[in-house]
Amino acid sequence: MMNIMDFNVKKLAADAGTFLSRAVQFTEEKLGQAEKTELDAHLENLLSKAECTKIWTEKIMKQTEVLLQPNPNARIEEFVYEKLDRKAPSRINNPELLGQYMIDAGTEFGPGTAYGNALIKCGETQKRIGTADRELIQSSALNFLTPLRNFIEGDYKTIAKERKLLQNKRLDLDAAKTRLKKAKAAETRASQLNSARLEGDNIMIWAEEVTKSEQELRITQSEFDRQAEITRLLLEGISSTHAHHLRCLNDFVEAQMTYYAQCYQYMLDLQKQLGSFPSNYSNNNQTSVAPIPSASSNVIGSSALTATSGLAVTSPSNRIDLKEYSGSRKARVLYDYDAANSSELSLLADEVITVFSVAGMDSDWLMGERGNQKGRVPITYLELLN
């Protein structure tokens, strides 16, 4: 038991001595009173590359987290759950919440009305976008953020640990060089004093000190060289890290591409379903303009162009096709339409009505007839039947 205690005390004293020696060497270097062993240029470049990689990886990782989860409170909550090694509770995201509000509003307004029906369709699309957003976050976290975090918390910590050890070995080496230099200077001074026997004893003492310092220098030099090689091998792995992060970046770009393609397709489908619903409120001095929905190529008005007013303009060829036909024709209604006033006829999707042109009527409108009901109807809500 006493031997173990003696060993621990001796080890503690040795460690304290080493720490003090390093502190003195470091202070003297800062004050310019001691020489410093410089690392070779290749190793310095590797250290600089590793530090640069660590800094930019942290910045990219943090900003990616902000991009995927803009809510800082949610990010903190996820961080806490991650540190506790527990799964964060599922949370409805913003598109899903907006979608649910739209669906609830559309249901209350009435699915049979144009506005209510449109709200429900928009809400369903927003929910699909929310699902796509959730898939983007999961894919990006797994294939992009996790490898970056593993580098910061794993590989780079190992590099930093070995780098610090290399710094300590360099301080030990430079401290040994300083002690040897001082011992040789003292030996030289002692050899110049030959007037008494005491000086001869001093010469022997300093000669022994020089021999001891030289042996210590050889040991510290060997340890420094070994640690420099270990650190160099670790640092050369940074190139492999860059190659791995490049593959992860490609995965992230592919996940984003999939997400935006899904969102574009969802909105394209929604636009085809909704078209451009009309505004029931217009200035009295403006000519009534028919609303132009977006439709497929076999639908009247499919080649609509966007005007500066924000409304779509039906292609002239389709207008000519309808206006030049003097008789009545059957037409299928493509979308629900609520009449803006008593001169117009309300429409229900998929019903078939009779339409005909009237001289002097605006080119965007036809006269529609359903039984004994009659009124103006927008051309772009109709598909002529052969």
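Residues numbered from 1 in each chain as written. Predicted model: local features only at pLDDT ≥ 70, side-chain atom pairs only at ≥ 80, totals over all residues. Heavy atoms only, no water.

1. Focus: the packing of aromatic side chains
Per the stated rule, a full pass over the model turns up 6 aromatic pairs. Between Phe-109 and Tyr-115 the ring centres are 5.5 Å apart and the planes differ by 20°, which places this aromatic pair in the stacked class. With relative accessibility at 47%, the residue Phe-109 sits in the partly exposed group. Taken together, a centroid distance of 5.6 Å and an interplanar angle of 75° make the contact between Tyr-335 and Tyr-381 edge-to-face. In this pair, Tyr-335 sits in the loop between β3 (329-333) and β4 (352-356) while Tyr-381 sits in the loop between β6 (373-378) and β7 (382-384), placing the two residues 46 residues apart along the sequence. Classification of Tyr-335 by relative accessible area gives buried; the value is 9%. One aromatic cluster is present, built from ring pairs that chain together Tyr-335, Tyr-337 and Tyr-381. When the ring centre of Trp-56 is taken as origin, the NZ or CZ atom of Lys-59, which lies over that ring, is 4.5 Å away. In this structure, Arg-128 is placed above the aromatic ring of Tyr-266, and the distance from its NZ or CZ to the ring centre is 5.6 Å. (Phe/Tyr/Trp six-rings, centres within 6.5 Å; stacked < 30°, edge-to-face > 60°. Buried < 20%, exposed > 50% of the residue type's maximum accessible area, 1.4 Å probe, protein only. Helix = DSSP H or I, 4+ residues; strand = E, 2+ residues; numbered from the N terminus. Lys NZ or Arg CZ within 6 Å of the ring centre and 35° of its normal.)

2. Quick notes on the pattern of salt bridges
On inspection of all chains with the given rule, the structure shows 14 salt bridges. Arg-163 serves as the salt-bridge partner of Glu-51, at 3.7 Å between the closest nitrogen and oxygen. Of this pair, Glu-51 sits in helix α2 (residues 41-68) while Arg-163 sits in helix α5 (residues 114-191), and the two are 112 residues apart along the sequence. Taking relative accessible area as the criterion, Glu-51 reaches 28% and is therefore assigned partly exposed. (Salt bridge = Lys/Arg side-chain N within 4 Å of Asp/Glu carboxyl O.)

3. Things to note about the nonpolar core
In terms of nonpolar packing, the biggest core is built from 20 residues, with Leu-39, Leu-43, Leu-166 and Leu-235 touching the most fellow members. Contributions of two or more residues to this core are made by α2, α5 and α6 (197-236). Looking at this core element by element, the count peaks at 9 residues for α5. Apart from residues no more than four positions distant in its own chain, Leu-235 is found in contact with Leu-43, Leu-46, Leu-47, Ala-50 and Ile-159. By size, the runner-up hydrophobic cluster in this structure holds 18 residues, among which are Tyr-335, Met-361, Trp-365 and Met-367. (Core = buried A, V, L, I, M, F, W, Y, C linked by side-chain atoms within 4.5 Å. Contact = heavy atoms within 4.5 Å.)

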